[in-house]
Amino acid sequence: QVQLVESGGALVQAGGSLRLSCAASGIIFSIETMGWYRQAQGAQREVVAVISKGGSTNYVDSVKGRFTISRDNAKNTVYLQMNSLKSEDTAAYYCYANIKVGIGGTRRDYWGQGTQVTVSS
């Protein structure tokens, strides 16, 4: 069984920084794309940032220049460094990973349980 466990969410003042982490565990053969989504109260879930196995990244326009996604393939972990936080960044943040389970196993997306980021103005 594969699990994704997030950490790092907190209450922070506007202009502050946070670093989210998400570690995948279980019988993992390979991980392709990893990323972060967020969902504010009453809103739809939106992609924040994604990173390929080779390190190529993409960001939603609203976080470009402020957020940085990275990953440690040896640790099956993805990070999201968030700087210059704004009140509109307040949301539950979810990590995901496209994982192949075991040799000959199927590949599918797995999701974390979410971590809350609240930015006070």
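Structural data are supplied above this passage.
Summarised in this report is the structure supplied together with it. (Residues numbered from 1 in each chain as written. Predicted model: local features only at pLDDT ≥ 70, side-chain atom pairs only at ≥ 80, totals over all residues. Heavy atoms only, no water.)

**Let's talk about the overall build of the protein**
Here is step 1 of the chain: The helix and strand tally for the protein stands at zero helices and eleven strands.
Here is step 2 of the chain: In terms of its C-alpha atoms, the protein occupies a principal-axis envelope of roughly 50 × 25 × 25 Å.
Here is step 3 of the chain: A total of 121 residues make up the protein; the buried ones form 40% of that total.
Here is step 4 of the chain: A sequence separation of at least 24 residues applies to 57% of the contacts in the protein between residues at least 6 apart.
Here is step 5 of the chain: Of the roughly 6,400 Å² of accessible surface on the protein, a fraction of 46% belongs to carbon and sulfur atoms. (Helix = DSSP H or I, 4+ residues; strand = E, 2+ residues; numbered from the N terminus. Buried < 20%, exposed > 50% of the residue type's maximum accessible area, 1.4 Å probe, protein only. Contact = heavy atoms within 4.5 Å. Areas by Shrake-Rupley, 256 points an atom, 1.4 Å probe, with all protein chains shown as cover.)

**A short note on the pairing of strand β3 (residues 18-25)**
Here is step 1 of the chain: For strand β1 (residues 3-7) and β3, the ladder comprises five bridges, and the chain directions are antiparallel. What sits directly across from Gln3, in β3, is Ser25.
Here is step 2 of the chain: Note: β3 against strand β8 (residues 77-82), six bridges, orientation antiparallel. The residue bridging Leu18 from the neighbouring strand is Met82, located in β8. (Pairing = 2+ DSSP bridges.)

**Considering the state of the cysteines**
Here is step 1 of the chain: Within this structure, the stated rule accounts for one disulfide.
Here is step 2 of the chain: Sulfur-sulfur distance for the disulfide between Cys22 and Cys95 comes to 1.9 Å. On the criterion of sequence distance, the pair formed by Cys22 in strand β3 and Cys95 in strand β9 (residues 91-101) is long-range, its members being 73 residues apart.
Here is step 3 of the chain: A residue is classified by how much of its surface remains accessible, and Cys22, at 0% relative accessible area, is buried. (Disulfide = S-S within 2.5 Å.)

**Examining the packing of aromatic side chains**
Here is step 1 of the chain: Per the stated rule, a full pass over the model turns up three aromatic pairs.
Here is step 2 of the chain: Here Tyr37 and Trp111 contribute two aromatic rings whose centre-to-centre distance is 5.1 Å and whose plane-to-plane angle is 70 degrees, an arrangement assigned as edge-to-face. Here Tyr37, found in strand β4 (residues 28-39), pairs with Trp111, found in strand β10 (residues 107-111); they are 74 residues apart in sequence, far enough to count as distant.
Here is step 3 of the chain: Tyr37 sits in the partly exposed class, given a relative accessible area of 22%.
Here is step 4 of the chain: Put simply, the rings of Tyr37, Tyr96 and Trp111 touch in pairs and so form one group of aromatic residues. (Phe/Tyr/Trp six-rings, centres within 6.5 Å; stacked < 30°, edge-to-face > 60°.)

**Describing the pairing of β10**
Here is step 1 of the chain: Pairing of β9 with β10, which is carried by five bridges, proceeds in the antiparallel orientation. Each bridged residue has a counterpart across the sheet, and for Ile99 the counterpart in β10 is Arg108.
Here is step 2 of the chain: Taken together, β9 and the strand that follows it, β10, pair antiparallel across an intervening segment of five residues, in which Gly102 is found at a positive phi of about 70 degrees.

**A few points about the pattern of salt bridges**
Here is step 1 of the chain: The tally for this structure, following the rule as stated, stands at five salt bridges.
Here is step 2 of the chain: In this structure, Arg107 engages Glu32 in a salt bridge whose closest nitrogen and oxygen atoms are separated by 3.9 Å. You can see Arg107 sitting in strand β10 and its partner Glu32 sitting in strand β4, a full 75 residues away along the chain.
Here is step 3 of the chain: Exposure remark for Arg107: the relative accessible area of 36% places this residue in the partly exposed category.
Here is step 4 of the chain: Here Arg38 ties to Glu46 by a salt bridge, and the two come within 2.7 Å at their closest N and O atoms.
Here is step 5 of the chain: What emerges from the salt-bridge pattern is a single network uniting Arg38, Glu46, Arg66 and Asp89. (Salt bridge = Lys/Arg side-chain N within 4 Å of Asp/Glu carboxyl O.)

Function cannot be read off these values alone, since they describe shape.
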